[in-house]
Amino acid sequence: MMYLYNTATHQKDKFIPQDIKRVTMYCCGPTVYNFAHIGNLRTYIFEDILSRTLRLYYPLVHVMNVTDVGHLVSDADDGEDKMELGAAREGKSAWDIAKFYEEKFWQDYDTLHCTRPNIVSRATEHIAQMIALVKTLEDKGYTYRTSDGIYYDTSKFARYDTLVGHARISGLQGGARVEMSDEKRHPTDFALWKFSPKDKKRQMEWNSPWGIGFPGWHIECSAMAMQYLGNTLDIHCGGIDHVTIHHTNEIAQSEAATGQKYVNYWLHGEFLILRSGKMSKSGGTFVTLDVLKQKGYDPLAYRYLCLSAHYRTQLEFSYESLDSAAKSLKNLRALAEQIAQETSRTATETANSRLWKDKFIAALSDDLNAPKALALTWEVLRNGELTAAEKWDFLQLADSILSLDLLKEHTPVQTELPPQVQDLLSKRAAARQAKDWKKSDELRDAIAQAGYIVKDTPQGQQTEKK
Ligand code: AMP
Ligand code: ZN
């Protein structure tokens, strides 16, 4: 049984899916106008731990969107479209920008061992569904027209404060914090469909019953989530910044259109911050995974760092904390490697190992307590009373969630070997792990050419000079 903190109820709720044979989860995906920063990636790591834990219990359908149009510089419908801005910045078309940054996004996503969603939905490929949803809202009387688009009238939707609470919304209604265009009836109203500007040709625009233009960012997620997962989703996730505007607006649109509850469990990941403040793409103050790689970090050290903090606490990024995560990961792998060698990678399940595995699952099932799951892993590997085979059994489960390459063959670093040979050896270990024997043989030949003979022993690869 899982318990998840639900932003809508402000408490940990017992997770009860609508259908235990098909749990549905929608996660807000990247806006592909720039590289993802490691803050964004923290949110995807949290969602990955959630999806892996859910899959211990249920078959899961995980949908993620790619926002390739309509996300304006301000989340509240002001300013330019981030895609068109990215295109102007780089002198490429908005379509090329989207393609380039989406590809790059998936590379980072895979590198951090985040499990790919079952369905990836691009906004630009679902314009018809978005138009249909706006049409339904129009027919039901929730919309009005201004000179720059079709807007949602939030005063017509009584539960608009579901996620944020009444106080926050009435603060906004006062209009003190939001600049309001003359034609917008209430500060919280938002665009469902924006018209293309009259003086400038947009690269991404479509015909609609209201005129040529493009969808609002919020309608994109509602339309795509309901298209693939039905009117009511079990789980909807995103970063904490989405609570007040994006997800609040998604609820308003979806529930007004269907008359049904949109989401049963709302989960939000806290931010990764820098000592100097917020990490933001638009503010230009951001660190990417490539920067960490260039500095010589194993990307999974960043995953380790994220797992060491609970997803609902802010995490301050610093290179000192990344160094210490890298060191811990190295030590954890060394312990795992020792066990691998003692057991020749053979696991034995016993009542004892089952007990520790249950504790591990219980930690994750309690609102995804990854720090505790990580601490349990250390405890098991250092435990004097468990046999190596029991530990190896525990590790099969632990690394299926942590995914820190604890089961992989890690070639002990032999410092006297030239770096080129060490590199070939670790590539070969990875090939063998993936059972790619052809590549393994090719790499053995390359190692031979570099002057070394490699032998495979129960202790891993061993080399001697030719
Ligand atoms: P974006 O690509 O800006 O649409 O954001 C992608 C995801 O990253 C969303 O779920 C955001 O809420 C989340 N996000 C943005 N900034 C941060 C941050 N500093 N730390 C953690 N998550 C973030
Ligand atoms: Zn979204």
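Model, not experiment: these values are computed from the prediction.

Peer 1: How would you explain the overall build of the protein chain if you had to name every residue and give the values?
Peer 2: Across its full length, the protein chain carries 15 helices and 16 strands. Considering only C-alpha atoms, the protein chain reaches an extent of 80 × 50 × 40 Å along its principal axes. Within the protein chain, the fraction of its 466 residues that count as buried is 54%. In the protein chain, 73% of the contacts between residues at least 6 apart in sequence involve partners at least 24 apart. Per element, the accessible surface of the protein chain, about 20300 Å² overall, is 51% carbon and sulfur.

Peer 1: How would you summarise the sheet that holds strand E4 (residues 60–66) if you had to cite specific residues and measurements?
Peer 2: Read across the sheet, five strands follow the order E5-E4-E3-E10-E11 without closing on themselves; strand pairing throughout is parallel. Strand pairing shows two members of the sheet lacking a second neighbour, strand E5 (119–122) and strand E11 (263–269), which therefore form its edges. Ignoring strand direction, the axes of neighbouring strands in this sheet form an average angle of 20°. Here four bridges tie E4 to E5, and the two strands are oriented parallel to one another. Bridged to Val 63 within E5 is Ile 119. On the sheet, helix H3 (residues 94–111) packs against E4 and E5 and is oriented at approximately 140° with respect to E4. In this fold helix H6 (residues 217–229) packs onto strand E3 (23–27), E4, E5 and strand E10 (233–239), with an angle of close to 160° to the strand it touches most, E3.

Peer 1: Outline the sheet that holds strand E9 (residues 213–215), supporting the account with residue identities and numerical values.
Peer 2: If you walk across this open sheet you meet the four strands as E6-E7-E8-E9, and the pairing is antiparallel. If you trace the sheet from one side to the other, it starts and ends with strand E6 (143–146) and E9, each paired once. Put simply, the sheet's adjacent strands are angled 25° from each other on average, direction ignored. Alignment of strand E8 (residues 190–195) against E9, held across three bridges, turns out to be antiparallel. By the bridge assignment for E9, Lys 194 is matched with Phe 214.

Peer 1: Describe in detail the coordination of the zinc ion (ligand 2), supporting the description with residues and values.
Peer 2: The protein atoms donating to the zinc ion (ligand 2) are Cys 28 (SG), Cys 221 (SG) and His 246 (NE2), with metal-donor distances spanning 2.0 to 2.2 Å. When the donor residues of the zinc ion (ligand 2) are listed from N- to C-terminus, their spacing reads C-x192-C-x24-H. Residue Cys 28 is found in the loop between E3 and helix H1 (38–57), and its partner His 246 is found in helix H7 (residues 243–258); the two are separated by 218 residues along the sequence. The pair Cys 28 / His 246 is uniform in exposure class, with both members buried.

Peer 1: Can you lay out the pattern of salt bridges for me, pointing to particular residues and giving the numbers?
Peer 2: Counted according to the given criterion, the structure contains 36 salt bridges. With a closest N to O distance of 2.9 Å, Asp 48 and Arg 303 form a salt bridge. On the criterion of sequence distance, the pair formed by Asp 48 in helix H1 and Arg 303 in helix H9 (residues 299–307) is long-range, its members being 255 residues apart. Across the pair, exposure class does not vary: Asp 48 and Arg 303 are buried alike. One salt-bridge network, held together by shared partners, links Glu 349, Arg 354, Lys 357, Asp 358 and Asp 393.

Peer 1: Describe unusual backbone geometry, naming the residues involved and giving the relevant values.
Peer 2: Phi is positive for Arg 345, which is not a glycine, with a value near 60°. Here Arg 345 is to be found in the loop between helix H10 (319–343) and helix H11 (351–365). In this structure Arg 345 comes out as partly exposed when scored by relative accessible area, which is 30%. In this structure, Lys 435 takes a positive phi of about 55° despite not being glycine. Looking at where Lys 435 falls in the secondary structure, it is placed in the loop between helix H14 (419–433) and helix H15 (437–449).

Peer 1: So what's going on with the pairing of strand E1 (residues 3–6)? Which residues, and what values?
Peer 2: Only one face of E1 is covered, namely the face carrying Leu 4 and Asn 6; the face carrying Tyr 3 and Tyr 5 is uncovered. In terms of strand pairing, E1 meets strand E2 (residues 11–14) through four bridges, oriented antiparallel. Along E2, the bridge assignment pairs Leu 4 with Asp 13. The antiparallel hairpin formed by E1 and E2 contains four residues in its connecting segment, where His 10 sits at a positive phi of about 60°.

Peer 1: Describe the confidence of the model for the protein chain, naming the residues involved and giving the relevant values.
Peer 2: With 93% of its residues at a pLDDT of 70 or more, the protein chain shows a mean pLDDT of 91. Every residue in residues 173–178 scores below 50 in pLDDT, and together they form eight contacts with partners more than four places removed in sequence or on other chains.

Peer 1: I'd like to hear about the domain arrangement of the protein chain, residue by residue, with values.
Peer 2: Many structure descriptions define interface size as the accessible area lost when the parts assemble. Per the domain assignment, the segments of the protein chain are domain 1 (3–269), domain 2 (274–402) and domain 3 (419–465). Just the C-alpha atoms count here: the centres of domain 2 and domain 3 sit 27 Å apart.

Peer 1: Give me the packing of helix H12 (residues 370–382) against helix H13 (residues 388–402): which residues, what numbers.
Peer 2: The contact between H12 and H13 brings their axes to 10 Å, and the two run at 160°. The angle between the axes of H12 and H13 places the two elements in the roughly antiparallel class. Crossing handedness for the pair H12 and H13: left-handed. Side by side, H12 and H13 meet where Leu 374, Leu 376, Thr 377, Val 380, Leu 381 and Arg 382 of the first sit next to Lys 391, Phe 394, Leu 395, Ala 398 and Leu 402 of the second. The residue inventory of the contact of H12 with H13, partitioned by class, reads eight nonpolar, one polar and two charged.

Peer 1: Give me the lowdown on the nonpolar core, citing residues and values where you can.
Peer 2: Among the nonpolar cores identified, the biggest contains 130 residues, and Leu 50, Ile 235 and Tyr 302 are the most heavily contacted of them. Residue-level mapping places this core at the junction of two domains, with at least three residues from each of domain 1 (3–269) and domain 2 (274–402). Excluding residues that lie within four positions of it along the chain, Leu 50 makes contacts with Met 2, Leu 4, Met 25, Ile 235, Cys 237, Leu 267 and Leu 368. Counting residues in each nonpolar core, the second largest holds nine residues, with Leu 417, Leu 424, Ile 447 and Tyr 452 among its members.

Thresholds, definitions, all that
Residues numbered from 1 in each chain as written. Chains lettered and ligands numbered in written order. Predicted model: local features only at pLDDT ≥ 70, side-chain atom pairs only at ≥ 80, totals over all residues. Heavy atoms only, no water. Helix = DSSP H or I, 4+ residues; strand = E, 2+ residues; numbered from the N terminus. Buried < 20%, exposed > 50% of the residue type's maximum accessible area, 1.4 Å probe, protein only. Contact = heavy atoms within 4.5 Å. Areas by Shrake-Rupley, 256 points an atom, 1.4 Å probe, with all protein chains shown as cover. Pairing = 2+ DSSP bridges. Axes fitted to C-alpha atoms, helices over the stretch in contact; angles between N-to-C directions. Donors = N, O, S within 2.8 Å, 3.2 Å for Na, K, Ca; no water. Salt bridge = Lys/Arg side-chain N within 4 Å of Asp/Glu carboxyl O. pLDDT = per-residue confidence, 0-100. Domains from an automatic or database assignment. Parallel < 35°, antiparallel > 145°, perpendicular 65-115°, else oblique. Left-handed = near helix turned anticlockwise from the far one by under 90°. Nonpolar A, V, L, I, M, F, W, Y, C, P; charged D, E, K, R; others polar. Core = buried A, V, L, I, M, F, W, Y, C linked by side-chain atoms within 4.5 Å.

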